Amino acid sequence: MAEIKRFDNRLGLWGWLGGGRWGLERYAYILHRLTGLGILIYFLMHIVVTSLRARGIYLWTEGEILHRPVFRAGEFLVFAAFAYHAFNGIRLVLVELGFAVGRPIEPVYPYRTSLNVQRPLLVLMMVAALALLVAGGYELLAWEQ
Amino acid sequence: MRETRFWTWHMAAGVVIFFLLGMHMLIMHTGLLGHVYAPFAGEAVSRENSQFRDSRLTFTVSYIFLLGFALYHGLYGLRTILFELTLRPAVEKVVRAVLVLLGVGLFGLGVWAAIGARTMAAVGARG
């Protein structure tokens, strides 16, 4: 079995948190990971809480705790993270599969970066994420009224 | 080769989740579907509306699929992030085992709950 060559991440956490001057797409990728981690933490708790309904316990409809503004705000953040992660994820899959990065060209000086070719896709996906956020987030925040 | 396969599954799972979780969000948290799957008055996540969905086989099956794909996608993503921190091989082994156990355990819990809730909803509907 072929082994994947791996390199030491000498920078540790900063190795993937720091975007440096790698452009907007790099920061979009960092935010993708952070939102992914946030969604994962919520998702693991969500499985446990919703599983209680098999015992007739509907924790999210009972009591006052989960209806407090702080939980509403938290739910909105999860929804925002989902909207961003979903559409940016589609962008990452498309780029990984070679779409929207332009045709390969000879590396002739002055070099051209493919990031400029990718930028419209990033903008398109962010607009889609924002549209979803406005549509879904409005109801989430207005729920209490 | 194995890592490439895992990564491809990770991406494929992401695409499946995009549609399944998208539907889940539209039904539970937005009015965009006109509460088609929440026929009772009040919130889409109320007990009555939850039981209505739990009684439908389509929802039980989609919950189980979403659970499986999302657990794999999320935990594999976490594994990728952790492994990028250049852990010692022994620590990597422990991380891998913990994530697999966590994934299998939560998948088991979720499947049990989806089937249990469906059974309860069906009994409730019969009175």
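Residues numbered from 1 in each chain as written. Chains lettered and ligands numbered in written order. Predicted model: local features only at pLDDT ≥ 70, side-chain atom pairs only at ≥ 80, totals over all residues. Heavy atoms only, no water.

### A look at the overall build of chain B
What chain B contains, in helices and strands, is 4 helices and 0 strands. Overall, chain B shows an N-to-C arrangement of helices and strands of α-α-α-α. Over its C-alpha atoms chain B spans a radius of gyration of 18 Å, topping by over 25% the 14 Å that the globule rule assigns to 127 residues. For chain B, the spread of C-alpha atoms along the principal axes amounts to about 55 × 30 × 25 Å. A buried classification covers 40% of the 127 residues belonging to chain B. Partitioning the intrachain contacts of chain B with sequence separation of at least 6 by distance along the chain shows that 57% fall at a separation of at least 24. Accessible surface, chain B: about 6,900 Å² in total, of which carbon and sulfur atoms supply 73%. If you average the places of the 11 positive and of the 6 negative side-chain charges in chain B, the two averages end up 9 Å apart. (Helix = DSSP H or I, 4+ residues; strand = E, 2+ residues; numbered from the N terminus. Rg over C-alpha atoms; globule rule 2.2 N^0.38 Å. Buried < 20%, exposed > 50% of the residue type's maximum accessible area, 1.4 Å probe, protein only. Contact = heavy atoms within 4.5 Å. Areas by Shrake-Rupley, 256 points an atom, 1.4 Å probe, with all protein chains shown as cover. Lys, Arg positive; Asp, Glu negative; His and termini not counted. Charge placed at Lys NZ, Arg CZ, Asp CG, Glu CD.)

### Re the overall build of chain A
Secondary structure assignment for chain A yields 4 helices and 0 strands. Listed by position from the N terminus, the elements making up chain A come as α-α-α-α. In terms of C-alpha radius of gyration, chain A reaches 20 Å, well past the compact-globule figure of 15 Å for 145 residues. Burial status across chain A gives 33% buried among its 145 residues. Within chain A, contacts between residues at least 6 apart in sequence are counted, and of these 63% link residues at least 24 apart. Accessible surface, chain A: about 9,800 Å² in total, of which carbon and sulfur atoms supply 68%. For chain A, the centre of its 14 positive side-chain charges and the centre of its 10 negative side-chain charges are spaced 9 Å apart.

### Brief notes about the environment of B:Arg47
Looking at the secondary structure, you find B:Arg47 in helix α2 (residues 47-54). With residues near it in sequence (within four places) discarded, B:Arg47 still touches A:Gly56, A:Tyr58, A:Thr61 and A:Glu62.

### Concerning the packing of aromatic side chains
All names here are of chain B. All chains considered together, the criterion is met by 13 aromatic pairs over all chains. Judged by centre distance (5.7 Å) and plane angle (15°), the ring pair of Tyr72 and Tyr76 falls under stacked. Of the two residues, Tyr72 and Tyr76 are both situated in helix α3 (residues 57-83); the distance of 4 residues between them amounts to about one turn of the helix. Taking relative accessible area as the criterion, Tyr76 reaches 8% and is therefore assigned buried. Members of the aromatic cluster, connected to one another through ring pairs, are Phe6, Trp9, Tyr72 and Tyr76. (Phe/Tyr/Trp six-rings, centres within 6.5 Å; stacked < 30°, edge-to-face > 60°.)

### Observations regarding the side chain of A:His32
Inspection of the secondary structure assignment puts A:His32 in helix α2 (residues 24-51). A distance of 3.2 Å separates the side chain of A:His32 from the side chain of A:Asn88, its partner in a polar contact. (Polar contact = N/O pair within 3.5 Å; in protein donor to acceptor, adjacent residues only side chain to side chain.)

### Structural notes on the interface of chain A and chain B
Every contact between the two is made by 45 residues of chain A and, on the other side, 49 residues of chain B. Of the charged contacts in the structure, one is a salt bridge between A:Arg53 and B:Asp54, with a shortest N-O distance of 2.9 Å. Run the count over chain A and chain B and you get 5 residue pairs in polar contact (both at pLDDT 80 or more). The set of elements that each furnish at least two residues to the side of chain A that touches chain B consists of α1 (13-17), α2, α3 (69-96) and α4 (115-142) of chain A. Class assignment for the residues of the side of chain A that touches chain B results in 26 nonpolar, 9 polar and 10 charged. (Salt bridge = Lys/Arg side-chain N within 4 Å of Asp/Glu carboxyl O. Nonpolar A, V, L, I, M, F, W, Y, C, P; charged D, E, K, R; others polar.)

### Observations concerning the packing of α3(A) against helix α1 (residues 2-29) of chain B
Taken N-terminus to C-terminus, the directions of α3(A) and α1(B) make an angle of 145°; their axes are 10 Å apart at the nearest point. Crossing geometry of α3(A) relative to α1(B) is assigned as left-handed. Of the residues in α1(B), those touching α3(A) at A:Glu75, A:Phe79, A:Phe82, A:Ala86, A:Phe87, A:Ile90, A:Val93 and A:Glu96 are B:Trp7, B:Met11, B:Val15, B:Phe18, B:Leu21, B:Gly22, B:Met25 and B:His29. Broken down by class, the residue content of the contact of α3(A) with α1(B) amounts to 12 nonpolar, 2 polar and 2 charged. (Axes fitted to C-alpha atoms, helices over the stretch in contact; angles between N-to-C directions. Left-handed = near helix turned anticlockwise from the far one by under 90°.)

### A few points about the confidence of the model for chain A
On average, residues of chain A carry a pLDDT of 85, and 91% of them reach 70 or more. By mean pLDDT, the top-scoring element of chain A is α2(A) (94), and the lowest-scoring one is α1(A) (78). (pLDDT = per-residue confidence, 0-100.)

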